[in-house]
Amino acid sequence: MRQQKTKIGLAGQPNSGKSTLFNALTGARQHVANYPGVTVEKKIGWYAGNGENVEVVDLPGTYSLTSYSPEEQVARDFILREDPSVVINVMDASNLKRCLFLTFQLMEMQAPVVLALNMIDLAEKRGISIDTQKLSGLLGISVVATNMKTGRGKKELLDTISALADTSGSSGGIGLDYGEMEPFLRDIESRVLAETPQLPAAYPLRWLAVKLMEGDSEVIRLVASVHPSPEDFTADIERLRADFESRFDEMPEIHIANRRYQEADRIARSCMSPGQARRLSWSDRIDKVVCHRLMGPVVLVAVIWLLYYLSIVQGYNVTNYTWPILAKIRSWVEVLLPGAGFIEIPVMRAFGLWFVDSINALLNYIPIFFILFALIAILEDSGYMPRMAFIMDRLFSRYGLHGQSTLPMVLGGIYVGGCAVPGVMACKAIPDERSRLATILVIPLLNCLAKVPLYVLLINIYFASHKAWAMFFISTISLLLVLPISKILTLTVLKKRPTSPFVMEMPPYHVPTVRGVLTRAVERVWLFVRKITTIVAAVAVVVFILMRFPGISEERMAHYQEEKHKAVSSFIQDIEDTDYADAIDPDNIMDFVRYWSGYKNARLGAGGGDAAKAVNERFREKDPELYEIVTRQGKDGMIAYRAARSLERSRKQLLMDMKNEQIHNSFLGWAGKSLEPVTRYAGFNWRVNVALLSALAAKESSVATLGALYESDERGESLEKRMASKETGFTPLHGLSLMLFMVLYPPCLAAAIAVKIQAGGTRWMLFSIGYSMVLALGVAVAVFSGGRALGFSGFQAMWIFYGLALTLTVVMGLVRNRPDFDVI
Amino acid sequence: MAIFGKDWKMTLDQLKPGDEAYVEKLCSRDRLGRRLMDMGVYPGLRIRVIRNAPLEDPMEVELDGYYISLRHEEARAVEIACK
């Protein structure tokens, strides 16, 4: 078992090189989880120090430790409640003053702090030198200068940690003098000590007093929960705060922050020299282009294009190499499963293959995700993300979104071809809760890769003469729907959700490290596989049942048995006069069918040349007589071969008819039919309904199911032709309605799970599915029934709808969203 | 708000790229003031406007060697004094 004596926490402000230090300390021994109840990631790692296992928890990067954001709360709770042996305060050495703001708060919490002056080399390059001895003396805590990219200071840091862990006490550290506020703090301290004596045993008294003076709602609640008369106490605190403000004309929380900065300034000045802490000039130079009025948007578009191109286009090419691996796994499973009869497919076999196919469909995306996640890690580490938000914020904030919604939207498929899963996952970074939820809810409406096959199918059938226009329509319409919808959501459902001010650091650019990027990409792909795949697997079982049962009735089964006998006996008749009449036993016809398809598959896999010869040899040895049939030897061989081909065709047709009937008689088919009275106003019949219902699990299923429903015996006919010939009543208006339904269609399962994870609740997942379902049906009905009533053609209706969506987008952009924080 | 005399308040959002000023006061009681404080905006600090975003909003400012961006809406909470 793992023995854990020492637990240390890493605290620091964003962009202080905290993750680099975390990686340098723990290496590959890491684990990512979520803090319970919130969507904040918890990273834990281990290293061996002093012969024991040291646990390192990487706390979220925060500028401060209030209770305003879940990140800050998580970090604060860890320090107060989990009693870490050491807290390493990682700071950017070039920004000493601002970083000390956090250090003071850590010291006030009586955390055993060690200061890691990180990225010291960068600071030195800028001509900043810091007297660590003096700094340590002034603060009363250990200070180590480090640079984790080169390993500088790592040993010293480890030694300091283990020394401090051994003493297992508070680091001491100086207390901050809050000037005029001191009498108020002393007053509160003595009251807390007298009225709630149990609290100071668990929390530092001084910290409680400062937080109460600051008006920290969590701490007020904490004290009130154990106080004999909580209302009086809360009122007294408010009175003290108001009293302070009227006497010194300064809000208590601002006074506290001010004192911290003044002290930080004093300390920084006295141990830093000469210290003109300017940003690297090349970072400025890059920004001159990247944030430029004209060049900025151009660079942004180029970056997005490159992201698309490398992950979606090139990633898709990579799947050509990885798919065979998945196909091989499928064939291994196939061997293990019970064999198929002539028309009897054992449930276990059907289920096993369905299950593997469902999982494979998802695993097939891994190369795309890996490239995508690696590229995002590069964007994050380089510092481009805040610039992206800077450029796009004005546009998105008009629609209740946020500058930082840009990346999720790009991933989700802002033009055509994205994936809602990474899109929704990327919403984590949006600091504003209202915008974050709005983004999470609209991402599934963008054009993900899996929706495209249905668009292409429908455009080819119903808009064949205007392909380019129809493609343009479908690529851009989703954005024109997403923007007003998100605005409407923020004005209604999300109205009460808190917003955050947009105040964002623009850190200097960094060159990302290969290791950092790869680690993050692997980590996120793994997270995706673990979280999504298990759920998809569970749902695959449910959908399988829905699509298969109750299934074909016994009478119908008898009918198919009869058909089978007809086919087999006609085959036997055909070969009666040949030399092979005795070679095939009609009661064991499957032996022949298996040999036949086995040979065909083996030849297909072998290609040509020696490999093909080896296959021939193998099959000849197995059964010389059957071998002559499959290789069409002699006149009799040719006759038998033709008979076998027609037998194979009959079998395929029978299997297809049975599958069709199975779906028709399944729960899903029943659902499709019972929805018809409603969906016919949108132009959907039961077949379309079934296809759309099956797409709930994964969007690609819609086309696959249609393929199964419109199967025909004529070989080589495309699905376009088959669908067109079977649905003779369908017009382009039907096609348009179906396409728009698909745009607004509820998120697929994987995306729904992602929504649940990121929005932090099943409630949001259900809402996300529900509202898009209603919206999709509403739009489809309006377009189909409206278009039909007014006598529009599909193409006319398309552009009228486009015009309406564009108008709505413009109008919604003009409605103002009020921020819910005040300026006095 | 009177335009003349002492009541005239100059706020950060009124500055143009290249302008410099000192932070006089933070005028927000809630999360906004808190956030500005946490990001290192406090009275007495010298602040310089670097640029506006391509669509005018938000703006980027330099304070004490590092850079933050904020919307004009939020910059209205930062009262400034020109030097």
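Residues numbered from 1 in each chain as written. Chains lettered and ligands numbered in written order. Predicted model: local features only at pLDDT ≥ 70, side-chain atom pairs only at ≥ 80, totals over all residues. Heavy atoms only, no water.

As annotated in an unreviewed UniProt entry, chain A carries the name Ferrous iron transport protein B and comes from Desulfosalsimonas propionicica. Under Subcellular location (unreviewed entry), UniProt gives the following word-for-word description of chain A: "Cell inner membrane". Reading the Sequence similarities (unreviewed entry) entry of the UniProt record for chain A gives the comment "Belongs to the TRAFAC class TrmE-Era-EngA-EngB-Septin-like GTPase superfamily. FeoB GTPase (TC 9.A.8) family." (UniProt positions renumbered as here; feature names shortened; annotations may be inferred.)

A.B. asks: How should I be thinking about the overall build of chain B in this particular structure?
C.D. replies: Each helix and strand counted, chain B has 2 helices and 6 strands in total. Out of the 83 residues in chain B, the part that is buried amounts to 58%. Across chain B, contacts joining residues at least 24 apart in sequence account for 57% of those joining residues at least 6 apart. Total accessible area on chain B stands at roughly 3500 Å², and carbon and sulfur atoms take up 51% of it. (Helix = DSSP H or I, 4+ residues; strand = E, 2+ residues; numbered from the N terminus. Buried < 20%, exposed > 50% of the residue type's maximum accessible area, 1.4 Å probe, protein only. Contact = heavy atoms within 4.5 Å. Areas by Shrake-Rupley, 256 points an atom, 1.4 Å probe, with all protein chains shown as cover.)

A.B. asks: Quick question: what am I supposed to make of the overall build of chain A here?
C.D. replies: Regarding its fold elements, chain A presents 36 helices and 10 strands. Each principal axis of the C-alpha atoms in chain A carries an extent, and together these give about 110 × 70 × 60 Å. In chain A, which comprises 824 residues, the proportion classed as buried is 53%. In chain A, 75% of the contacts between residues at least 6 apart in sequence involve partners at least 24 apart. For chain A, the exposed area adds up to about 35900 Å²; of that, 59% sits on carbon and sulfur atoms.

A.B. asks: Honestly, a nonpolar patch on the surface in this entry has me stumped. Any pointers?
C.D. replies: All names here are of chain A. Nonpolar side chains collect at one region of the surface, where Val347, Val542, Ile545, Leu546, Phe549 and Phe667 lie side by side and expose about 460 Å² of accessible area between them. Element by element, the count of residues in the nonpolar patch is highest for helix H23 (residues 514-548), at 3 residues. Within the element layout of this structure, Phe549 appears in the loop between H23 and helix H24 (554-574). (Patch = residues over 30% accessible without salt bridge, like charges linked within 9 Å, V, L, I, M, F, W, Y side chains within 5 Å. Salt bridge = Lys/Arg side-chain N within 4 Å of Asp/Glu carboxyl O.)

A.B. asks: What exactly am I supposed to notice about helix H1 (residues 18-26) of chain A here?
C.D. replies: Residue pairs three or four apart in sequence face the same way in an α-helix, which turns once every 3.6 residues. Listed as buried for H1 of chain A are Lys18, Leu21, Phe22, Asn23, Leu25 and Thr26 of chain A. At the C-terminal side of H1 of chain A, Gly27 of chain A shows a positive phi close to 65°.

A.B. asks: Quick question: what am I supposed to make of the sheet that holds strand E6 (residues 78-81) of chain B here?
C.D. replies: For sheets, the rule is that strands pair by backbone hydrogen bonds, running either parallel or antiparallel. On the basis of which strands lie adjacent, the open sheet formed by 7 strands has the order E10(A)-E5(B)-E4(B)-E3(B)-E2(B)-E6(B)-E1(B) and antiparallel pairing. Since the sheet does not close on itself, it has two edges, and those belong to strand E10 (503-505) of chain A together with strand E1 (10-11) of chain B, each with one partner. Note that strand E3 (residues 46-52) of chain B and strand E4 (residues 59-63) of chain B share 5 bridges and pair antiparallel. Bridge pairing in E4 of chain B links Ile47 of chain B to Leu63 of chain B. (Pairing = 2+ DSSP bridges.)

A.B. asks: In this structure, what is going on with the packing of aromatic side chains? I would like to understand it.
C.D. replies: To describe a pair of aromatic rings, you give the distance between the ring centres and the angle between the ring planes. Residue and element names in this part refer to chain A. Taken as a whole and judged by the stated rule, the model has 28 aromatic pairs over all chains. Considering the side-chain rings of Phe571 and Phe592, the 5.7 Å spacing of their centres and the 20° angle between planes classify their relative orientation as stacked. On the criterion of sequence distance, the pair formed by Phe571 in helix H24 and Phe592 in helix H25 (residues 589-606) is long-range, its members being 21 residues apart. Seen in terms of ring centroids, Phe741 and Tyr745 are 5.2 Å apart; in terms of plane orientation they differ by 40°. Their pairing is tilted. Across the pair, exposure class does not vary: Phe741 and Tyr745 are buried alike. Grouped by ring-pair contacts, the aromatic residues Trp469, Phe472, Phe473, Phe795, Trp799 and Tyr802 constitute a single cluster. (Phe/Tyr/Trp six-rings, centres within 6.5 Å; stacked < 30°, edge-to-face > 60°.)

A.B. asks: Got a minute to help me understand the side chain of Lys487 of chain A in this structure?
C.D. replies: Within the secondary structure, Lys487 of chain A is located in helix H22 (residues 467-491). It is Glu73 of chain B that comes nearest to the buried, bridge-free Lys487 of chain A among opposite-charge side chains, at 11 Å. At a separation of 2.6 Å, a polar atom in the side chain of Lys487 of chain A contacts the main-chain carbonyl oxygen of Arg398 of chain A. Sequence-distant contacts of Lys487 of chain A, that is, excluding residues within four places in its chain, are made with Arg398, Tyr399, Gly400, Met812, Gly813, Val815 and Asn817 of chain A. (Lys, Arg positive; Asp, Glu negative; His and termini not counted. Polar contact = N/O pair within 3.5 Å; in protein donor to acceptor, adjacent residues only side chain to side chain.)

A.B. asks: I would appreciate a short explanation of the interface of chain B and chain A in the present structure.
C.D. replies: Often the size quoted for an interface is simply the accessible area lost on bringing the parts together. Each partner contributes residues to the interface: chain B has 42 residues there, and chain A has 52 residues. Counting each side, the surface lost to burial between chain B and chain A is near 4500 Å², with a carbon and sulfur contribution of 53%. Three residues stand out in chain B for area buried against chain A, namely Arg29, Arg31 and Arg34 of chain B, and they jointly supply 17% of the buried area on that side. Linking chain B with chain A are 3 salt bridges. The closest approach of N and O atoms between Glu214 of chain A and Arg34 of chain B, which form a salt bridge, is 3.4 Å. Remark: the boundary between chain B and chain A carries 15 residue pairs in polar contact (both at pLDDT 80 or more). (Buried area = accessible area lost by both parts, 1.4 Å probe.)

A.B. asks: Would you mind going over the environment of Arg81 of chain A with me for this structure?
C.D. replies: All names here are of chain A. Assignment of secondary structure puts Arg81 in helix H2 (residues 70-81). Looking at Arg81, the relative accessible area reads 52%, which means it is exposed. Taking the C-alpha atoms as reference points, Arg81 and Cys291, separated by 210 residues in sequence, lie 43 Å from one another. Side-chain polar atoms of Arg81 contact the side chain of Tyr203, separated by 3.2 Å.

A.B. asks: It is not clear to me how a positive patch on the surface should be interpreted in this structure. Could you clarify?
C.D. replies: The grouping of Arg632, Arg642, Arg645 and Arg649 of chain A at the surface amounts to a positive patch. In this structure, Arg632 of chain A sits in the loop between helix H27 (624-630) and helix H28 (634-664). (Charge placed at Lys NZ, Arg CZ, Asp CG, Glu CD.)

A.B. asks: Can you help me understand the domain arrangement of chain A in this one?
C.D. replies: Split by domain assignment, chain A resolves into domain 1 (7-166), domain 2 (181-273), domain 3 (291-453 + 461-492) and domain 4 (554-661). When each unit is reduced to the centre of its C-alpha atoms, the spacing between domain 1 of chain A and domain 3 of chain A is 35 Å. (Domains from an automatic or database assignment.)

A.B. asks: Mind showing me how you'd approach the nonpolar core here?
C.D. replies: A general feature of soluble globular proteins is that nonpolar side chains tend to end up buried together. Of all hydrophobic cores here, the largest spans 128 residues; its most connected members are Leu407, Phe473, Ile477, Met723, Leu736 and Met739 of chain A. Core analysis: the second largest hydrophobic core is formed by 63 residues, Trp46, Ala93, Met109 and Trp207 of chain A among them. (Core = buried A, V, L, I, M, F, W, Y, C linked by side-chain atoms within 4.5 Å.)

A.B. asks: So what exactly am I meant to see when it comes to the pairing of strand E2 (residues 20-26) of chain B here?
C.D. replies: Within a regular beta strand, the side chains point alternately toward one face of the sheet and then the other, so they alternate between its two faces. Residues and elements named next belong to chain B. Direction of pairing for E2 relative to E3: antiparallel, over a ladder of 3 bridges. If you follow Tyr22 over to E3, its bridge partner there is Arg46. Sheet analysis places E2 next to E6, joined by 4 bridges and oriented antiparallel. Residue pairing for E6: Leu26 is matched across the bridge by Val78.

A.B. asks: Please explain a negative patch on the surface as it appears in this structure.
C.D. replies: Taken together, the side chains of Asp579, Asp582, Glu625 and Glu628 of chain A make up a negatively charged region of the molecular surface. In this structure, Asp582 of chain A sits in the loop between H24 and H25.

A.B. asks: What is the right way to look at the environment of Arg71 of chain B in this model?
C.D. replies: All names here are of chain B. The residue Arg71 is located in the loop between strand E5 (66-70) and helix H2 (72-75) in this model. For Arg71, a relative accessible area of 13% corresponds to the buried category. When the C-alpha atoms of Arg71 and Asn52 are compared, they prove to be 9.5 Å apart, with 19 residues separating the residues in sequence.

A.B. asks: Would you mind showing me how to read the packing of helix H10 (residues 217-226) of chain A against helix H11 (residues 230-248) of chain A here?
C.D. replies: Geometrically, a packed helix pair is captured by the angle between its two axes and the distance between the axes. All names here are of chain A. Close contact between H10 and H11 brings their axes to 8 Å; oriented N to C, the two are set at 145°. For H10 against H11, the interelement crossing comes out right-handed. Each of Ile220, Val223 and Ala224 in H10 lies in contact with H11, whose residues at this interface are Pro230, Phe233, Thr234 and Ile237. Looking at the contact of H10 with H11 residue by residue, the class counts come to 6 nonpolar, 1 polar and no charged. (Axes fitted to C-alpha atoms, helices over the stretch in contact; angles between N-to-C directions. Left-handed = near helix turned anticlockwise from the far one by under 90°. Nonpolar A, V, L, I, M, F, W, Y, C, P; charged D, E, K, R; others polar.)

A.B. asks: What exactly am I supposed to notice about the side chain of Ser486 of chain A here?
C.D. replies: Secondary-structure assignment places Ser486 of chain A in helix H22. What Ser486 of chain A contacts, discounting residues up to four positions off in sequence, is Tyr399, Leu401, Ala438 and Val442 of chain A.

A.B. asks: Sorry if this is basic, but what is going on with the environment of Val514 of chain A here?
C.D. replies: Residue and element names in this part refer to chain A. Relative to the assigned elements, Val514 resides in helix H23. Residue Val514 is classed as exposed on the basis of its relative accessible area of 64%. Separated by 140 residues in the primary sequence, Val514 and Ala374 have C-alpha atoms spaced 9.5 Å apart.

A.B. asks: I would appreciate a short explanation of the state of the cysteines in the present structure.
C.D. replies: Any covalent bond linking the sulfur atoms of two cysteines counts as a disulfide. This structure, assessed with the given rule, holds 0 disulfides over all chains. Looking at Cys99 of chain A, it has no disulfide partner, and the nearest cysteine sulfur is the one in Cys271 of chain A, 13 Å off. (Disulfide = S-S within 2.5 Å.)

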